[in-house]
Amino acid sequence: MSNNDNYSFFTAVENSFDKAAEFTKWDKGLLELIKACNAVYRMRFPVKKEDGSIEVIEAYRVQHSHHKTPCKGGIRFSMAVNQDEVMALAALMTYKCAIVNVPFGGGKGGIKIDPKKYTPYELEKITRRYTTELIKKNYIGPALDVPAPDYGTGEREMAWIVDTYATMHPNDIDAAGCVTGKPVSQGGVNGRREATGLGVFFGLKEVCNMEDRMRKLGLTTGVAGKRIVVQGLGNVGFHTAKFFQQAGAIVVGIAEFEGSISKEDGIDVVALVEHRKRTGSILDFPGAINLENNGAALELDCDILIPAALENVINGQNAPRVKAKIIGEAANGPLTPEADEILLKKGILVVPDMYLNAGGVTVSYFEWLKNLSHVRYGRLEKRFNENMNTRILKEMEALTGKRADEKNRSFIEHGADEIDLVHSGLEETMINATREIMSEWENNEKIPDMRTAAYVVAINKVATSYAELGIFP
Ligand code: NAD
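The following paragraphs examine the structure supplied in this document. Every value quoted in this text rests on a predicted model; they were computed, and no experiment measured them.

### Focus: the overall build of the protein chain
Then, number 1: Per the secondary structure count, the protein chain includes 16 helices and 12 strands.
Then, number 2: Taken over C-alpha atoms, the radius of gyration comes to 23 Å for the protein chain, in line with the 23 Å a tight globule of 473 residues would show.
Then, number 3: Seen through its C-alpha atoms, the protein chain measures out along the principal axes to roughly 75 × 55 × 55 Å.
Then, number 4: Expressed as a percentage of the 473 residues in the protein chain, the buried residues total 56%.

Below you can see the structure in the form of structure tokens.
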């Protein structure tokens, strides 16, 4: 159960799946096979805290699907972690990977702790012990199951995981590929940190460029000038807000744990993060209004509302008061099924989590490939391309007798760095996924919403894979 005792996140995912499955041609048994969680590992292990006391920790790793391996999915540290939640998140990963053509099965992990209540030393012990438990049961490895950061975890935890795994597998030359989201100095890839937020931005930008969709919503095309509200100023929320701001959108509201604020002429999110570091809160940000509670920003008048914190935040109670025209689900499962129905009736376009926040896993895939190839992207070809581009440019200038504009000159001569390649691969992925889902939706007018269209795309891909593989033995 998640947050409220009557709500099962996994059942909600299954219901969305069933709704979409009706628009596919697959056999019932095959659909059941796709839907089921293949393996659930629930564990308990002790940690000795700095004060000498012993605490028993509850943790999970779920592998939803093995139609492609390794399994892939983040590890979250949160008191809300439970089996139902981890199963739902693992299932979403299967569908997410399929939509963005990342050849992994879905997985997810969770440790039921409030990371704020532990010292860094204790967190390191918990993370290393969790990794050891995964190793003992073959639940981690570059070919088996590859975790990544999620809510409450980041590069630091991923570094502890890769170190633990590599220590126990000294002969595994691909050990760095056992986890993604690592610091760049430990085999991470440039661009992973901001990948999910940038992917959310690319996905929503593509939606905003669709003239028909925007007309139906009473909006103009393009991102510039759009009024944005973001919930959660963590990794995903901060980067999403920052990329929107850089593209000329106006961030009119931000919600965090401690409260929410609004500012009609736009909140500078970088300055807000500085303010929060200094004061410990987003409240009392110069020029902004403190709203009555942390949920209030969700109900602000805006063009795009981006929940980027946790699941279940827009539900039957507050959905009727949501005024946004578009909701971009940056978090996993921020809308309950009840909210989904209410928003659909109100004509709000919901851009679904299972593909919109796939930027993280897409760039994780790039990181894994980098780890297996043992070479940084661009290392071999950057200088070669620069030399070749310079020659072509000089030749063209000699032939035409004209000199290229200085700005264009430096762009043409530039050879791609790792970050350029990662961002371009991510943009390509998010644009293609958006178009594929939209075209599925447009080609079948009975499909009620974009979430169902996204599930149809995912089910078709996973089912094709299973159908071709056959059933073993
Ligand atoms: P994070 O821990 O970096 O940030 C989450 C932020 O939300 C924190 O700042 C927290 O204080 C805030 N928050 C919590 N409850 C809140 C509330 N009730 N109101 C307002 N703010 C609240 O986590 P993250 O990595 O940014 O993940 C956020 C969401 O995005 C999760 O649903 C996660 O599963 C999803 N996601 C993350 C990634 C990734 O690469 N990190 C990838 C895909 C999906």
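### Notes on the site of the ligand
Then, number 1: Around the ligand lies a shell of 22 residues, among which R76, D150, T196, E256 and N332 are the nearest.
Then, number 2: At 3.4 Å, a side-chain N or O of R192 approaches an oxygen atom of the ligand.
Then, number 3: Here an oxygen atom of the ligand and a backbone polar atom of N235 are 2.9 Å apart.
Then, number 4: Isolated, the ligand exposes 830 Å² of accessible area, and the fraction of that covered by the protein chains is 87%.

### Here we look at the sheet that holds strand β5 (residues 145–149)
Then, number 1: Read across the open sheet, the five strands follow the order β1-β2-β4-β3-β5; overall the sheet is mixed. Looking along the sheet, the strands with just one partner apiece sit at the ends: β1 (39–48) and β5. Sheet twist, expressed as the mean angle between neighbouring strand axes with direction ignored, is 20°.
Then, number 2: One ladder, built from five bridges, connects strand β3 (residues 71–77) with β5; its direction is parallel. Within the sheet, the bridge partner assigned to K72 lies in β5 and is V146.
Then, number 3: Of the strands in this sheet, β1, β2 (54–63), β3 and β4 (105–111) are in contact with helix α3 (residues 83–99), which crosses β4 at around 150°.
Then, number 4: Each of β1, β2, β3 and β4 touches helix α4 (residues 120–136); the most contacted strand, β1, lies at about 140° to it.

### Examining helix α15 (residues 418–443)
Then, number 1: When the terminal C-alpha atoms of α15 are compared, their 37 Å separation across 26 residues agrees well with the 38 Å that a helix rising 1.5 Å per residue should span.
Then, number 2: Buried residues of α15: E418, V422, G425, L426, T429, M430, I431, A433, T434, I437, M438 and W441, and no others.

### What to know about the pairing of β4
Then, number 1: With seven of seven residues buried, β4 is to be regarded as a mostly interior element.
Then, number 2: Here β4 shows a buried face lined by G105, G107, G109 and I111 and a second buried face lined by G106, K108 and G110.
Then, number 3: Pairing geometry for β2 and β4, over five bridges, is antiparallel. Following the sheet pairing, V62 is matched in β4 by K108.
Then, number 4: For the handedness criterion, the β-α-β arrangement of β3, α3 and β4 is classed as right-handed.

### A closer look at the environment of T69
Then, number 1: Considering the arrangement of structural elements, one finds T69 in the loop between β2 and β3.
Then, number 2: We classify T69 as partly exposed; its relative accessible area is 47%.
Then, number 3: Taking the C-alpha atoms as reference points, T69 and D340, 271 residues apart in sequence, are found 32 Å from one another.
Then, number 4: T69 has contacts with P103 and A143, leaving out every residue within four places of it along the chain.

### Considerations on the sheet that holds strand β11 (residues 326–328)
Then, number 1: One open sheet accounts for seven strands, arranged β9-β8-β7-β6-β10-β11-β12; its pairing is mixed. If you trace the sheet from one side to the other, it starts and ends with β9 (289–290) and β12 (349–351), each paired once.
Then, number 2: Pairing geometry for strand β8 (residues 259–262) and β9, over two bridges, is antiparallel. Pairing of S262 across the sheet is with I289, part of β9.
Then, number 3: The sheet contacts of helix α6 (residues 195–208) involve β10 (304–307), β11 and β12, and relative to β10 the element is tilted by about 155°.

### Concerning a nonpolar patch on the surface
Then, number 1: Side chains of F384, M388, I392 and M396 sit close together on the surface and give an oily, nonpolar patch of about 410 Å² of accessible area.
Then, number 2: For M388, a relative accessible area of 37% translates into the label partly exposed.

### Things to note about the pairing of β10
Then, number 1: By the alternation rule, side chains of β10 split into I304 and I306 and L305 and P307, which are all buried.
Then, number 2: Pairing of strand β6 (residues 227–231) with β10, which is carried by four bridges, proceeds in the parallel orientation. What sits directly across from V229, in β10, is L305.
Then, number 3: Pairing geometry for β10 and β11, over two bridges, is parallel. Its bridge partner lying in β11, L305 is registered against I327.

### Notes on the packing of helix α1 (residues 9–21) against helix α2 (residues 28–35)
Then, number 1: Taken N-terminus to C-terminus, the directions of α1 and α2 make an angle of 150°; their axes are 11 Å apart at the nearest point. By the angle between their axes, α1 is roughly antiparallel relative to α2. Taken as a pair, α1 and α2 cross one another with a handedness that is right-handed. Along its contact with α1, which presents F10, E14, F17, D18 and A21, the element α2 presents L31, I34 and K35.
Then, number 2: Class assignment for the residues of the contact of α1 with α2 results in five nonpolar, no polar and three charged.

### Brief notes about the nonpolar core
Then, number 1: In this structure, I254, I326 and Y355 are the most contacted members of the largest nonpolar core, which totals 99 residues.
Then, number 2: Per element, the largest residue contribution to this core is 12 residues, and it comes from α3.
Then, number 3: Not counting residues up to four positions away in its chain, the partners in contact with I326 are L204, C208, M214, L217, L219, D303, I304, L305, I348, L349 and V351.
Then, number 4: Counting 27 residues, the second-largest nonpolar core is a separate cluster that includes V47, I126, Y139 and V162.

Parameters and conventions
Residues numbered from 1 in each chain as written. Predicted model: local features only at pLDDT ≥ 70, side-chain atom pairs only at ≥ 80, totals over all residues. Heavy atoms only, no water. Helix = DSSP H or I, 4+ residues; strand = E, 2+ residues; numbered from the N terminus. Rg over C-alpha atoms; globule rule 2.2 N^0.38 Å. Buried < 20%, exposed > 50% of the residue type's maximum accessible area, 1.4 Å probe, protein only. Near = heavy atom within 4 Å. Polar contact = N/O pair within 3.5 Å; in protein donor to acceptor, adjacent residues only side chain to side chain. Areas by Shrake-Rupley, 256 points an atom, 1.4 Å probe, with all protein chains shown as cover. Pairing = 2+ DSSP bridges. Axes fitted to C-alpha atoms, helices over the stretch in contact; angles between N-to-C directions. Contact = heavy atoms within 4.5 Å. Expected span 1.5 Å × (residues − 1). Right-handed = clockwise from strand over helix to strand, strands pointing away. Patch = residues over 30% accessible without salt bridge, like charges linked within 9 Å, V, L, I, M, F, W, Y side chains within 5 Å. Salt bridge = Lys/Arg side-chain N within 4 Å of Asp/Glu carboxyl O. Parallel < 35°, antiparallel > 145°, perpendicular 65-115°, else oblique. Left-handed = near helix turned anticlockwise from the far one by under 90°. Nonpolar A, V, L, I, M, F, W, Y, C, P; charged D, E, K, R; others polar. Core = buried A, V, L, I, M, F, W, Y, C linked by side-chain atoms within 4.5 Å.

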